[in-house]
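Each chain, letter by letter, is given below.
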Amino acid sequence: MSVLTEIAEATRSAHAAAAPATVAIGRHTRGAGVVIAPDRVVTSAHNLRDRTTQVTFADGTHAQAALVGSDPDHDIVVLEVSTGDIAPLPWSDTPVATGDPVFAVARASGGDRVTAGFVSGVGRAFRGPRGRRVKGAVEHTAPLARGSSGGPLVDAEGRLVGINTHRLGEGFYLALPADDDLRSRVDALVAGRHLSARRLGIVIVPGPRAARLRRRVGLPDVPGLLIRGVVDGSPAATAGLTEGDLLTEVDGTAVASVDDLWDALDAAGGSLSLTVLRGTEERTVTVTFAPADDASGEDGDAATTDSSDAPPAD
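Parameters at a glance
- Residues numbered from 1 in each chain as written.
- Predicted model: local features only at pLDDT ≥ 70, side-chain atom pairs only at ≥ 80, totals over all residues.
- Heavy atoms only, no water.
- Pairing = 2+ DSSP bridges.
- Helix = DSSP H or I, 4+ residues; strand = E, 2+ residues; numbered from the N terminus.
- Axes fitted to C-alpha atoms, helices over the stretch in contact; angles between N-to-C directions.

Hey, could you run me through the sheet that holds strand β11 (residues 160-169) in this one?
Consider a sheet: its strands pair through backbone hydrogen bonds, and that pairing is either parallel or antiparallel. If you trace the six strands once around the closed barrel, you get β7-β8-β9-β12-β11-β10, paired in antiparallel fashion. Each adjacent strand pair in this sheet contributes to an overall mean axis angle of 50°, direction not counted. As paired elements, strand β10 (residues 152-154) and β11 share three bridges and run antiparallel to each other. Bridged to Leu153 within β11 is Gly162.

Below is the structure:
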């Protein structure tokens, strides 16, 4: 059997297994999704414009789906919609590695689409809809047309190895890996939870812009993140942070970028020690997080966003 014949057979096998569980998201195929449990579809968070959206199934039928669980920091949501007798796509129990063949499935206006490629790298990162860095993504070469984000990346047996997110350009694409972390998050969303990463409740100006603003008012050029707003009732407000403070260290480690701050928040326990400059005076404050501020807690729309000026996922 020739290599091309083997690739063709693997592509057909992946398509036959995954296509029935692959759906289109939005009236104009804004994205794709996959049936992950009875009456549950997972897709990329950036595909949603509202709490409801149209879903188109493999047989061409349409249904209105409603948001049931969300994790916008990791760019995933779960929708509730009647899936009938469609079998949920099974998860792969083996993580993909560089060089593994993979297949991307999506649903275009004229029918379904499957493309083949290989894993070109692992451990990549991208920006979620809120600008937060999402780590651990799989880079692959299975072409994704517009409207493919949120659709499944599968192996030759049609088992889910990733959720496609967006195109990098030059023939490379990214997917969230179907690892234990994603599975636990999706399980929580299927159960109706809304996940949110921990937040201080501040709006910030990143390093280079912060330095320029401080120079304009005659303050020394010190690396850090300039606070330009504090949300009432937030952990930052409770700790006494205020507009104009320059955040320079978290738990004794310098923060030169928004990603440094987010990494510190992800690693934090119940509190953080922050070093700030108020004018030229250095102060140390302790920020305490209530259980509701924990990354595994419910979002409730009261969490606030640290601004990084980073572009959302496409």
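I keep staring at the pairing of strand β9 (residues 133-140) and nothing clicks. Help me out?
Relative to β9, strand β8 (residues 111-127) is paired through five bridges, and the arrangement is antiparallel. In the sheet register, Phe126 faces β9, and the bridge partner there is Val134. From the end of β8 to the start of β9, which pair antiparallel, there are five residues, and Gly131 there has a positive phi angle of about 90°. Pairing geometry for β9 and strand β12 (residues 172-177), over three bridges, is antiparallel. Within the sheet, the bridge partner assigned to Val138 lies in β12 and is Ala175.

Nothing here speaks to function; it is all geometry.
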